[in-house]
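Residue-level listing of the chains:
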Amino acid sequence: MEEKVLMEEMSWVEIQEAIRGGKTSAIVVSGSIEQHGPHLPTGTDTFLGYEIATRVAQQLGTALVAPVIRPALSEHHMGFPGSFTLSWETYYEVLEDHCESLARFGFKDIVLITSHGGNTPVMTAVTPDIAKKLYGRVNIHLVAHLAESLEEEAAFLQGQGISRAKTGVHAGYSETSEMLVVKPHLVKMELAKKGLDDESFYDPQNIPRSQIDSFILGVRHFSEDGVLGDPRGANPEVGEKLLEITVTGIVKAIPNALDAGTG
Amino acid sequence: MEKTVLMEEMTWQEIKKAVKDGKDTAILVAASIEQHGPHLPTATDTIIGYALGQAVAKNMGNALVAPVIRPALSRHHIDFPGTITLRMKTFVKVLEEYCQSLRHHGFKNVVLFVSHGGNSDALNAFIPSIAKKIAPDMRLLVVYPVEKNVKSLQELLAERGITRQRAGVHAGFSETSVMLTLRPDLVAMDKARPGLIDEEFYQPENIERSKISSFIHGVKSQSENGVLGDPTGSSAELGKVIFERKVNDIVEEIKNNLTA
């Protein structure tokens, strides 16, 4: 059996022993509760967040995983029932309270990651503030900008004949494939339909603009079904490969972040 | 397979259709991430919260369950690693934003209860202002443990020879028994040890004072291992009875109040 790394499944004594035994990093994932098209559940980012963080912690061997933060920032998905959102101010406080609690356990480092891109801009903005408040008690590192892994995923998918527009950024081919690994019983492939497939929306140089447009106008403006990408043909073999790329990318990035001291 | 009532396992279209077809009550449970002794996981209240929420929703037939709120208010357990707490003002904002999200999607009622007693006082204090903000589109109903039901459960345990101090209020016989029915794989009975078993602490006339003392001084000052009660000899069979009684009590309270 793999080693336990999910703090919520451990007793306080087990957590204390694990930290004293060298698991001195805590991984805090920000997920979401938001619509993921007609074929994926609203907990998608949360389920993927648990899976990715668990694998990262098991590979590192020096980390434990905090309960995934959800709901988080999903205002741009509120046009669809089932989406929950916090205001950014509340999310910021929730994130800070998680870090403040974890700082008392004896962790040396807290690594913040996200399984929902909508959280990234606010995480990037507020992390230095939280890190400064807790400076001297625990070091906080943000590992949310994994350009290399994203490019590796895109290259792998292009090799399989999957375009960026099909890969998608929300409930498309790649996310659906990952869910077929993590929670196959919650994926309804018979309901998977193509969403927004406008190539220019997904062009790497347009992605920041596309994300801001989604935030301003709401995802419903771009896709009636809530899908950005095309989930048809998604499969667990591709999902497993994508998860491995993501996990490897994070595992590689964490020691660098810890060395840099500030993340 | 039985249809799920957990919103996080449903798609947005399933939720939309369910609400339209009359499942317009959302069940919201305020739980915790906090230490539960050497033998139970820190998600104990969250696990119990999900189970209660699902059982209540299925029993009602017109309800869906929102993602359980956790972490919440656990300042009094913060001396034990694994406990995560929100500040009170943050907890209240989270609660309000859950309600606003649910209102936005057309739910008519939110039924709120706790699987962690440490949240109750804040709910009592702040729920009226939240309820006022979301009215008249949505009604917010808080379900409290009813005294006569609490008493009858204590009587049932007393009949089985389980004293109040053994039943306990945190990770004792009652809670551990419930966990043995829900998630036996996460219960380490070989590590279960008595915690605070001072009879006075658990007397009905003292329990409010005991709780306030926990809030002020922290549970660690009352129990080194974090247990308030005695989990040794916990029983899955009694846990099932306790759990079902709780579900029935909550459902009864909802029916009494929502039709009022």
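The following paragraphs examine the structure supplied in this document.

Section: the overall build of chain B
If you tally the helices and strands in chain B, you get 10 helices and 4 strands. Relative to its length of 260 residues, chain B is compact, with a C-alpha radius of gyration of 18 Å against a globular reference of 18 Å. Evaluated residue by residue, chain B yields a buried proportion of 52% over its 260 residues. A sequence separation of at least 24 residues applies to 80% of the contacts in chain B between residues at least 6 apart.

Regarding the overall build of chain A
Looking only at helices and strands, one finds 10 helices and 4 strands in chain A. Starting at the N terminus and walking to the C terminus, you meet the elements of chain A as α-β-α-β-α-β-α-β-α-α-α-α-α-α. Projected onto its principal axes, the C-alpha positions of chain A cover 50 × 40 × 30 Å. Across the 263 residues that make up chain A, the buried fraction comes to 55%. Put simply, 79% of the contacts in chain A that link residues at least 6 apart link residues at least 24 apart.

Quick look at the interface of chain B and chain A
With 44 residues of chain B in contact, the opposing surface of chain A contributes 43 residues. Elements that contribute at least two residues to the side of chain B that touches chain A include exactly α1 (12–20) and α3 (88–104) of chain B. Per-element accounting of the side of chain B that touches chain A gives the leading share, 7 residues, to α3(B). Class assignment of the residues belonging to the side of chain B that touches chain A gives a composition of 21 nonpolar, 16 polar and 7 charged.

Remarks on the environment of Thr85(B)
On the secondary structure map, Thr85(B) appears in the loop between β2 (63–65) and α3. Thr85(B) sits 53 residues away from Ser32(B) along the chain, and the two C-alpha atoms are 7.9 Å apart. Every residue in contact with Thr85(B), bar those within four places of it in the chain, is listed here: Asp97(A), Ser101(A), Pro71(B), Leu73(B), Ser74(B), Arg75(B) and Ile78(B).

Quick notes on helix α10 (residues 236–258) of chain B
Residues and elements named next belong to chain B. Between its terminal C-alpha atoms α10 stretches 33 Å, which fits the 33 Å expected from 23 residues at 1.5 Å a residue. When we look at burial in α10, the residues that qualify are Leu238, Gly239, Ile242, Phe243, Lys246, Asp249, Ile250 and Ile254. Residues of α10 that are buried make contact with α2 (44–60), β3 (109–114), β4 (139–142), α5 (147–159) and α7 (173–182).

Some thoughts on the sheet that holds β4(B)
All names here are of chain B. Strand order in the open sheet made by the 4 strands is β2-β1-β3-β4, with parallel pairing throughout. Of all the strands in the sheet, just β2 and β4 have a single pairing partner and so form its edges. With strand direction ignored, the average angle separating the axes of adjacent strands in the sheet is 25°. Across 3 bridges, strand β1 (residues 25–30) lies against β2 in parallel orientation.

Points about the packing of helix α2 (residues 44–60) of chain A against helix α7 (residues 173–182) of chain A
Residue and element names in this part refer to chain A. Where α2 meets α7, the closest approach of the two axes is 10 Å, and the angle between their N-to-C directions is 65°. Our pair here, α2 against α7, has a crossing hand that is left-handed. Within the contact between the two elements, α2 uses Thr44, Phe47, Leu48 and Glu51 and α7 uses Glu175, Glu178, Met179 and Val182. Among the residues making up the contact of α2 with α7, the classes are represented as 4 nonpolar, 1 polar and 3 charged.

Observations regarding the packing of α2(B) against α10(B)
Residue and element names in this part refer to chain B. As a packed pair, α2 and α10 sit with axes 10 Å apart at the nearest point and diverge in direction by 50°. Between α2 and α10, the interaxial angle falls into the category oblique. Our pair here, α2 against α10, has a crossing hand that is right-handed. Residues Leu52, Ala55, Val56, Asn59 and Met60 of α2 lie in contact with α10, whose contacting residues are Lys246, Val247, Ile250, Val251 and Ile254. Of the residues belonging to the contact of α2 with α10, the class tally is 8 nonpolar, 1 polar and 1 charged.

A short note on the nonpolar core
Counting 127 residues, the largest nonpolar core has Ile27(A), Ile110(A), Ile27(B), Leu28(B), Ile69(B) and Val110(B) as the members making the most contacts within it. Per element, the largest residue contribution to this core is 8 residues, and it comes from α2(B). Residues within four places of Val110(B) in sequence aside, it is in contact with Ala26(B), Leu28(B), Cys99(B), Leu102(B), Met138(B) and Leu140(B). With 19 residues, the next largest nonpolar core counts Ala165(A), Ala171(A), Tyr173(A) and Leu180(A) among its residues.

Some thoughts on unusual backbone geometry
Residue Pro71(B) is bonded to the preceding Arg70(B) through a cis peptide linkage, with omega at -5°. With respect to the helices, strands and loops of the structure, Pro71(B) is situated in the loop between β2 and α3. For Ala171(A), which is not glycine, the phi dihedral falls at a positive 65°. By the element assignment, Ala171(A) lies in the loop between α6 (164–167) and α7. Using a count of 30 C-beta atoms within 10 Å as the deciding quantity, one classes Ala171(A) as buried.

Comments concerning the sheet that holds strand β3 (residues 109–114) of chain A
Strand pairing within a sheet occurs via backbone hydrogen bonds; the two strands may be parallel or antiparallel. Residue and element names in this part refer to chain A. One open sheet holds the 4 strands; their spatial order is β2-β1-β3-β4, and the pairing between them is parallel. Each end of this open sheet is capped by a strand with a single partner; those strands are β2 (63–65) and β4 (139–142). Looking at each pair of strands side by side, their axes are set apart by 25° on average, direction ignored. Pairing of strand β1 (residues 25–30) with β2, which is carried by 3 bridges, proceeds in the parallel orientation. Residue pairing for β2: Ser25 is matched across the bridge by Ala63. Contacts between helix α10 (residues 236–260) and the sheet are confined to β3 and β4, with β3 contributing the most and set at about 140° to the helix.

Remarks on the pairing of β1(B)
All names here are of chain B. Burial analysis of β1 places 6 of its 6 residues in the buried class, the great majority of the element. In β1, alternate side chains face the same way, and those of Thr25, Ile27 and Val29 on one face and Ala26, Leu28 and Ala30 on the other are all buried. Taken together, β1, α2 and β2 form a β-α-β motif whose crossover is right-handed. Here β1 pairs with β3 via 6 bridges, running parallel. Note that in β3 the partner of Ile27 across the bridge is Val111.

So, the environment of Phe201(A)
Residue and element names in this part refer to chain A. On the secondary structure map, Phe201 appears in helix α8 (residues 199–202). Along the chain, Phe201 and Phe222 lie 21 residues apart, while their C-alpha atoms are 9.8 Å from each other. The residues contacting Phe201, other than those within four sequence positions of it, are Leu196, Asn206 and Ser210.

Criteria and thresholds
Residues numbered from 1 in each chain as written. Chains lettered and ligands numbered in written order. Predicted model: local features only at pLDDT ≥ 70, side-chain atom pairs only at ≥ 80, totals over all residues. Helix = DSSP H or I, 4+ residues; strand = E, 2+ residues; numbered from the N terminus. Rg over C-alpha atoms; globule rule 2.2 N^0.38 Å. Buried ≥ 20, exposed ≤ 12 C-beta atoms within 10 Å, placed from the backbone. Contact = placed C-beta atoms within 7 Å. Nonpolar A, V, L, I, M, F, W, Y, C, P; charged D, E, K, R; others polar. Expected span 1.5 Å × (residues − 1). Pairing = 2+ DSSP bridges. Axes fitted to C-alpha atoms, helices over the stretch in contact; angles between N-to-C directions. Left-handed = near helix turned anticlockwise from the far one by under 90°. Parallel < 35°, antiparallel > 145°, perpendicular 65-115°, else oblique. Core = buried A, V, L, I, M, F, W, Y, C linked by C-beta atoms within 7 Å. Right-handed = clockwise from strand over helix to strand, strands pointing away.

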